[in-house]
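# A closer look at the structure
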Amino acid sequence: MDKKHAFLQIALIFIFCVHYYHQLNKEETLISVHNNKLFLEEDFLIAVTSYNIQYGKGQDNRVDINRTIETLQSLDSDIISLQEVERNSLRSNFIDQVNVIAKELNMNAYFSPSLAYPGLYYGNAILTTFPIINEQTLTFSNRIETRTAIFVELQISDTHTIHIINTHLGLNREERSRAIEEINNKIKTIDGPIVLTGDLNSVPSQQEYHIWNDRLIKSNKGIPFQTYYSEDWQIDYIFHSSDFAVDEVSVVKSDASDHFPVTARMLLYQ
């Protein structure tokens, strides 16, 4: 075999491997670490966290998913919504961050990539100690960058389920407004308790999410928070339906990302 044909074969093998790897990683992923958690029985107090992890890149510009995991472990949450999480991407050292975090926290997970190109699989995830019984992704037709919202239904007891929404909205106000309207239309179709989490890239004074007010309450309503490290902004939120009463809501100032995690401990009315 001459060098030309050998090079061609190597090139074809490389293209096939890239294509196979891309097909493997571009799809939505459901990870079941376990499905046998003891359901809530006596009280229905649930801890929910929303955290933009910036793919494990800390404020020192170093990517280290272990710092993210340590931050999440300290929060002891039942449900965790992550934004800017990656699976097998070049800039995060080809680590399957969703799988690694899920196993370290002993949680089930649902991941949906907002961006899926060879070498970059980047999007939103929901991790939980409860069984995931339904999942869905809503993709927004943005001009600048594709964004999504993911929806899961969780079985929290023998007779109760709740719905969790996680989203990461864009930097363009017009695109955010359209996405918020699409999420609101979806909310109207959900029958049952709802928790909506995410990085909305919108501060409270902008009131871009006011159309949710008929169905959802901001967990830290009236309490100012800073969730972005370099500015006195709240752009990360947890909203809930009137099926919940907030017991406590807090922000932890971790340096594992350029955002801080928000955690709400909420009681579900029975």
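This report concerns the structure included in the present document. (Residues numbered from 1 in each chain as written. Predicted model: local features only at pLDDT ≥ 70, side-chain atom pairs only at ≥ 80, totals over all residues. Heavy atoms only, no water.)

## Structural notes on the nonpolar core
Within soluble globular proteins, side chains that are nonpolar generally end up buried alongside one another. Note the following rule: Only buried Ala, Val, Leu, Ile, Met, Phe, Trp, Tyr and Cys residues count toward a nonpolar core, and they belong to the same one when joined by side-chain atoms within 4.5 Å. Think of it in three bands: with a 1.4 Å probe and only protein chains considered, a residue is buried below 20% of the maximum accessible area for its type, exposed above 50%, and partly exposed in between. Starting at the N terminus, helices and strands are each numbered in turn, a helix being any DSSP run of H or I of at least four residues and a strand any DSSP run of E of at least two. By definition, residues are in contact when any of their heavy atoms lie within 4.5 Å.
Ranked by size, the top nonpolar core spans 24 residues in total, and within it I46, I79, L154, I156, I162 and I164 carry the most contacts. Of all the elements in the fold, those that place two or more residues in this core are β2 (45–52), β7 (147–155), β8 (161–168), β12 (244–251) and β13 (262–268). Element by element, the count of residues in this core is highest for β13, at four residues. For I164, the residues in contact, after removing those within four places along its chain, are I79, S81, I126, I150, F151, V152, L154 and V195.

## Things to note about the packing of aromatic side chains
In plain terms, the rule: Aromatic rings from Phe, Tyr and Trp, taking only the six-membered ring of Trp, are treated as a pair when their centres fall within 6.5 Å; an angle between ring planes under 30 degrees marks them as stacked, one over 60 as edge-to-face, and anything in between as tilted.
Counted under the stated rule, the structure contains seven aromatic pairs. Measuring from centroid to centroid gives 5.2 Å for W212 and F239, while their planes differ by 80°, and the two rings are edge-to-face. Pair noted here: W212 is in the loop between β9 (194–199) and β10 (217–218) and F239 is in strand β11 (residues 236–240), with a separation of 27 residues, a long-range link. Residue classification places W212 among the buried residues on the basis of a relative accessible area of 1%. When the ring of Y237 is compared with that of F239, the centres are 5.6 Å apart and the planes differ by 25°; the resulting orientation is stacked. Residue classification places Y237 among the buried positions, given a relative accessible area of 0%. Given a relative accessible area of 2%, F239 falls into the buried group. Here the aromatic cluster, defined as three or more aromatic residues joined through ring pairs, consists of Y209, W212, Y237 and F239.

## A closer look at the sheet that holds β8
Quick note on the threshold: Pairing between strands requires that DSSP locate at least two bridges from one strand to the other. Lines fitted to C-alpha atoms define the axes here, with helix axes fitted over just the stretch in contact, and angles between the N-to-C directions of these axes take values from 0 to 180 degrees.
Taken in spatial order, the six strands make up an open sheet running β6-β7-β8-β9-β11-β10, and their pairing is mixed. A single partner strand is all that each edge strand has here, and the edge strands are β6 (132–140) and β10. Pairing of β7 with β8, which is carried by seven bridges, proceeds in the antiparallel orientation. The residue bridging Q155 from the neighbouring strand is T161, located in β8. Of the strands in this sheet, β6, β7, β8 and β9 are in contact with helix α4 (residues 173–187), which crosses β6 at around 150°.

## Some points on the pairing of β2
Put simply, the rule reads: Handedness of a crossover is defined as follows: orient the strands so they point away from the viewer, and if the path from the first strand over the helix to the second runs clockwise, the crossover is right-handed.
Burial analysis of β2 places seven of its eight residues in the buried class, which makes it a mostly covered element. Here β2 pairs with β13 via six bridges, running antiparallel. What sits directly across from T49, in β13, is T263. Bridge count between β2 and strand β3 (residues 79–86): five bridges; the pairing is parallel. Paired with T49 across the strands is I80, a residue of β3. You can see the chain leave β2, run along helix α2 (residues 65–75) and come back into β3, and the turn it takes is right-handed.

## Quick look at the pairing of β8
As a general feature of sheets, a regular strand has side chains that alternate between the two faces. With respect to burial, β8 is a largely interior element, seven of its eight residues being buried. Here β7 folds back onto β8, and the loop between the two strands holds five residues. Regarding the hand of the β-α-β motif, the stretch spanning β8, α4 and β9 is right-handed.

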